[in-house]
Structures are given as C-alpha cells and as structure tokens.
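Fold and geometry: a report
Residues per chain are reported as follows:
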Amino acid sequence: MSFITRGFSGRGREHDDRLPPGQTLVSDFPVLSAGPTPEVDTADWEFTIRTESGVHRWNWDEFMALKIDEVDTDIHCVTHWSKLGTQWRGVSLDTLFESVETEQEYVMAHSYGGYTTNVPLDELLDGKAWVAFEFDGEPLDPEHGGPARLLVPHLYFWKSAKWVRGLVMMDQDEPGFWEQNGYHIHGDPWKEERYW
Amino acid sequence: MSDATTSQVMALGAAVESVPRSGWHAATVGAVHRETPNASRLELDVEGWPGNAAGQHLDVRLTAPDGYSATRSYSIASSGASTRVVLAVDKLPDGEVSPYLVDDVRAGDMLEVHGPLGAFFVWAPAAETGDDRPVQLIAGGSGVVPLFAMAQAHADADDPTPFRLLYSVRTPDDVYFSEELRGLSDASAPLRLDLVYTRRTPDGWPTPAGRITREALEAAVIPAADRPRVYVCGSTGFVERVADWLVGFGHDPRSVRTERYGGM
C-alpha cells in the first residue's frame, strides 16, 4: 500500500547500498533505553554464560585478558537511524564459546538493570557478535551501554544489549524485554523485522 | 543469574500490558494548527486504527512522487478507541520529515502511519491495571506529548491516582497543550502542573529562567517514599540527567520509565 503524500519531496537522494529499507543516516549516536542508566563499576562487573551443565564466569581482568577484536561495522536502530562504519573493540562470542559446551540453541542476554533480549545462538557465532567495551577508541559511555554491551550488528540494535552481564542458554526461543514490549522476535533490518 | 536479577526481570515482565496490534494504515489529515512557534498539532483520521494506549507512538511514512520515502517515529498525544489520532510535531532544524509536517501539510493530505507501537512507556487507569501508586510525569520540551496523553487519559477515566507533571520548556510561548493542561489542573481528577522555564519566564515568575537543578527537581516531584511510578520523556541529555537524579533521591530504577529523543 504505498501512495504519494502531496507536497513532500524529501531531501536525501544519495543511494547507499549499506542502508537497509526505512533507515536514515545519522552522524550522532542516539540512545534508546527504557529506564535510568545503571551504574556498573568494572571492579564489580562479571560476565557469565549459563548452560544446561553449569555457569562460566569472567571478571573484568579475566575478560580483558581474552583475545580482543577490532570491529568496523554498520549499526541500525529500530527507530529508523543507521550509523555506518562504527569502530568497536570487544571479545568475539566465538572466543567466549570456545570453552562452552551446550546443546541448547537459543540465548537470552541479561543486562544490569534487569533488561533482556533473545537471540538464536547461531546468530551470535562465526564472527557475528561481540561483547564490546570500546567505541571510537574510548571506553564505552554508560548511556551507550558501558562498561560492556553486546554487539550484534546484523540485527536491529536493541538486540545489542547494553550493560550486558550474561547469557542464559535456552532450549526454545523466548521473547526478551523489548520483544515482549512490541519489538520483533528476530529483528533483521534488511527484512524490516521491526515490530510484532 | 542471581535471585535479585530474576525478580527484577519478573517485575519488568509483569509491567507488560496488552495493547492493540500494530499495522500500516492510510491516514488523512483532518485538521492542522500551529501549536507553538516551532510546532504543529496534527489530527489524523486513520482508517482501521485499532485504538491506542496513552504513551504509545507511531511511525509516519511520507512518499515523494519519484518513490523516495522517509519514515520517522512520533509520540501520540491522544489515546483510546478513536480513529482520530493527534500528534504534536516539533520542527527539527535539520529535519527532513518534521519541516513538512509542521509547515507544509494541510487538511485533506494523506500519509501512511504504522502503529500503535510500544507497550512499555504506557499508562492505563488503575481500574484496568490494579496499580494505584501515584504518577509523576517529567517532560523536557516536546517530550510532553506522550505524557499529555497520559494526563488526558487520567482525567477522562476520572482516575483517583494522584498525577503530577513537571514540564521543562524554553519559554511561555513553547508550552504545548497550554489550554488543555490548564483544564486538566481543574478537572475532578486533577493534575498538578509545575512549569520550569529554561530561557524566558512569564512576567512576575518567582524563579529566574534556567535549567532545572537537582534541588528544584527534588522539590517538584512526588517523593520517593510515596513510591510513585515515574515517566520521563525528553532529549537524551535531559532524560539522563533527570533519571540519574531520581535514582539518587531513592526512586526505584524499575519504577522510572524513560523515553529519549535521539536528536534526529
């Protein structure tokens, strides 16, 4: 159903193959959050992966001792903005899962502050996701998810859980916080999987 | 996960309310008028609109003759079953969609909307939710739009929940819904309204113009001891500052819901 709106000509016509449908380029870094920004000290920070057989834990120093990747990627927010060529540093989920054995295929990411988001495990592996702690050469700001956030750039950015504290493996896909509150269970920007 | 985290997740999950399903709809502009020197109020007649909860938003899509389209999200100033949906749009200096909606659109024009959207930053009467804790609304500039919808819904429902709105705005000319807000203050389920002017005050105003301070915020909101539900909407900077202070005053972070305008 698309029709022309009288009098609207629009502005940008520059076509960029990196821009998914319905998205607009921005140069700043807008914020989408449901509540206050939690204050998390790296001295207290911990990252866990819970599977059917137990819990794997890393504190901040152990995490920083892991192999660190430089990531150059585009990010796409469900609220219609995209940012191209963003620079991150973080630990690949491939690295974290090297020591983790699990038959469970779905993941619920949990954050400090209580928020959750769900992602299938195969969408986090093979160089598709990181736990990032640096943006543009600086430690990640608390309002953008610092000290560390999930980075899953091929999905809408609410899947890149801010203030991430751990992953809980699940037998079945279940909706997280944003997904229960109106956002799509999967969230592929190229298919415009924005809402229920 | 610790027990504390689990209970937090459950508390957040329990807040999910049932809202109509979203979809694309054709909308006709029924009326448009100037809200402030920089903003317009649009009343849209939306075919097949399923109604919306107070605080929800929608996407507006505009399509140019060559097929180029642009989509933006806007908060809804109205709520309930009506297919007439009210928006109040602030013109962004470098905007693409908002200048059209504020300056160019006229009654009879057609555009597309997708919604209603969002199930978290919403308010419903205590009779529906069973939650009768007091409600504190805190608006920065055009962030008042979804909060006005909540205050109006509160009055329409004659809801007994205490309601208070703190509204930070540049000048007296920039106040959205000024007549309606005055009316709500006199309603049988009254709204207590506190205005803060950041650039210019009305004549004889007791405090000078300026950004709200931590002390002024604490004095103008329902105290943490009364366990209010708090809704904060505005620019990212405003929301970050206010929400951090609220947590500092002892408000439970789970009772503070925020909506931030990104800056595009």
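These lines cover the structure that appears in this document, whether it is placed above or below. Throughout this description, residue numbers start from 1 for each chain and increase along the sequence as written. To label them, take the chains in the order written and letter them from A, then take the ligands in the order written and number them from 1. Owing to the predicted nature of the model, reporting of local features is limited to residues with pLDDT of at least 70; listing and counting of side-chain atom pairs is limited to 80 or more, with chain, interface and lining totals taken over all residues.

Some words on the overall build of chain A
Here a helix means four or more residues in a row that DSSP labels H or I, a strand means two or more in a row labelled E, and each is numbered from the N terminus. From N to C terminus, chain A includes three helices and eleven strands. Moving toward the C terminus, one meets the helices and strands of chain A in the order β-β-β-α-β-β-α-β-β-β-β-β-β-α. A compact globule built from 196 residues should have a C-alpha radius of gyration of about 16 Å, and chain A, at 17 Å, falls within 12% of that. Counting only C-alpha atoms and orienting by the principal axes, one finds that chain A spans roughly 60 × 35 × 30 Å. Long-range contacts, defined as pairs at least 24 residues apart, comprise 65% of the intrachain contacts of chain A with a sequence gap of at least 6. Atoms counted for the radius of gyration: C-alpha only. Globule rule: 2.2 Å times the number of residues to the power 0.38. Once C-beta atoms are placed from the backbone, any two residues with those atoms within 7 Å are in contact.

Side note on the environment of B:P37
Residue placement: B:P37 occurs in the loop between β1 (23-36) and β2 (39-46). Distance in space between the C-alpha atoms of B:P37 and B:A77 is 18 Å, their sequence separation being 40 residues.

Focus on the sheet that holds strand β5 (residues 84-90) of chain B
Residue and element names in this part refer to chain B. Only strands that DSSP links by at least two bridges are regarded as paired with each other. Ordered by their spatial adjacency, six strands build an open sheet running β4-β3-β6-β1-β2-β5, and the pairing between neighbours is antiparallel. Of all strands in the sheet, those with a lone pairing partner are β4 (69-75) and β5, marking the two edges. On average, each strand axis in the sheet is tilted by 35 degrees relative to the strand beside it, whichever way the strands run. Note: β1 against strand β6 (residues 110-117), six bridges, orientation antiparallel. From the neighbouring strand, H25 faces β6, where its bridge partner is V113. Interaxial angle, 0 to 180 degrees, is taken between N-to-C directions of lines fitted to C-alpha atoms, where a helix line uses only the stretch in contact.

Concerning the interface of chain A and chain B
Residue-level contacts link 42 residues of chain A with 46 residues of chain B. Mapped by element, the contributors of at least two residues to the side of chain A that touches chain B are β11 (164-170) and α3 (177-180) of chain A. Gly counts as polar in this scheme, as do all residues outside two lists: the nonpolar Ala, Val, Leu, Ile, Met, Phe, Trp, Tyr, Cys and Pro, and the charged Asp, Glu, Lys and Arg. Residues of the side of chain A that touches chain B, tallied by class, amount to 16 nonpolar, 21 polar and five charged.

Description of helix α4 (residues 144-156) of chain B
Residue and element names in this part refer to chain B. Relative to the 18 Å expected for 13 residues at 1.5 Å per residue, α4 spans 18 Å between its end C-alpha atoms, a close match to the ideal helical length. Neighbour counting defines burial: a residue surrounded by 20 or more other C-beta atoms within 10 Å of its own C-beta is buried, one with 12 or fewer is exposed, and intermediate counts give partly exposed, using backbone-placed C-beta atoms. Most of α4 is tucked away: twelve of the 13 residues are buried. Of the positions making up α4, those classed as buried are V144, V145, P146, L147, F148, A149, M150, A151, Q152, A153, H154 and A155. Taken from the residues just after α4, D158 is the one with a positive phi, measuring 50 degrees. Expected span of a helix: the number of residues minus one, times 1.5 Å.

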